[in-house]
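# Analysis of the macromolecular model
Read off the chains here:
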Amino acid sequence: MSSKLVFSWILGGVFLLLGVWIINNLRLTLGVSELSYAIAMLVAFIFILVAGLLWINVSVGVRHRL
């Protein structure tokens, strides 16, 4: 496996970690507006989507090398 694929794989893990961390710590409590809650959910969703795209990129790259 090339270094680009390994870097994409690790970066995908980091994006997934960040997205799950945001979702896990997100609470709609006193001091959190509905708009900021929605923006945080959107950012976490985008992080998870980027992680998925990076991992798809890695799987396609590995498949083409075999």
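It should be emphasised that the depicted structure is a prediction, and the values quoted were computed from it without experimental measurement. (Residues numbered from 1 in each chain as written. Predicted model: local features only at pLDDT ≥ 70, side-chain atom pairs only at ≥ 80, totals over all residues. Heavy atoms only, no water.)

## Section: the overall build of the protein chain
The number of helices and strands found in the protein chain is two helices and zero strands. Computed over the C-alpha atoms, the radius of gyration of the protein chain is 15 Å, more than 25% above the 11 Å expected from 2.2 N^0.38 for a compact globule of 66 residues. Overall, the protein chain is about 55 × 15 × 15 Å in size when its C-alpha atoms are taken along their principal axes. Across the protein chain, every contact between residues at least 6 apart in sequence was considered, and the portion connecting residues at least 24 apart equals 76%. In the form shown here, the protein chain has an accessible surface area of approximately 5,200 Å², with 74% of it arising from carbon and sulfur atoms. (Helix = DSSP H or I, 4+ residues; strand = E, 2+ residues; numbered from the N terminus. Rg over C-alpha atoms; globule rule 2.2 N^0.38 Å. Contact = heavy atoms within 4.5 Å. Areas by Shrake-Rupley, 256 points an atom, 1.4 Å probe, with all protein chains shown as cover.)

## So, the packing of helix H1 (residues 3–25) against helix H2 (residues 34–65)
Relative placement of two packed helices is described by the angle separating their axes and the distance separating the axes. The geometry of H1 relative to H2 is characterised by a closest axis approach of 8 Å and an angle of 155 degrees between their N-to-C directions. In terms of orientation, H1 and H2 fall into the roughly antiparallel class. Pair H1 / H2 crosses with left-handed handedness. Looking at the contact of H1 with H2 residue by residue, the classes come out as 19 nonpolar, six polar and one charged. (Axes fitted to C-alpha atoms, helices over the stretch in contact; angles between N-to-C directions. Parallel < 35°, antiparallel > 145°, perpendicular 65-115°, else oblique. Left-handed = near helix turned anticlockwise from the far one by under 90°. Nonpolar A, V, L, I, M, F, W, Y, C, P; charged D, E, K, R; others polar.)

## A closer look at H2
Given a rise of 1.5 Å per residue, 32 residues ought to cover 46 Å, and the 47 Å separating the end C-alpha atoms of H2 matches this to within 8%. Turning to H2, its buried residues are Ala 40, Ala 44, Ala 51, Leu 54, Val 58 and Gly 61. The inward-facing, buried residues of H2 abut H1. (Expected span 1.5 Å × (residues − 1). Buried < 20%, exposed > 50% of the residue type's maximum accessible area, 1.4 Å probe, protein only.)

## Considerations on H1
Relative to the 33 Å expected for 23 residues at 1.5 Å per residue, H1 spans 33 Å between its end C-alpha atoms, a close match to the ideal helical length. Turning to H1, the residues buried within the fold contact H2.

## Describing a nonpolar patch on the surface
Residues Met 1, Val 6, Trp 9, Ile 10, Val 14, Leu 18, Trp 21 and Trp 55 make up a contiguous nonpolar surface patch of roughly 820 Å² in combined accessible area. For the nonpolar patch, the element with the highest residue contribution is H1, accounting for six residues. Note on placement: Trp 9 falls in helix H1. For Trp 9, a relative accessible area of 49% gives the class partly exposed. (Patch = residues over 30% accessible without salt bridge, like charges linked within 9 Å, V, L, I, M, F, W, Y side chains within 5 Å. Salt bridge = Lys/Arg side-chain N within 4 Å of Asp/Glu carboxyl O.)

On their own, these measurements won't tell you what the molecule is for.
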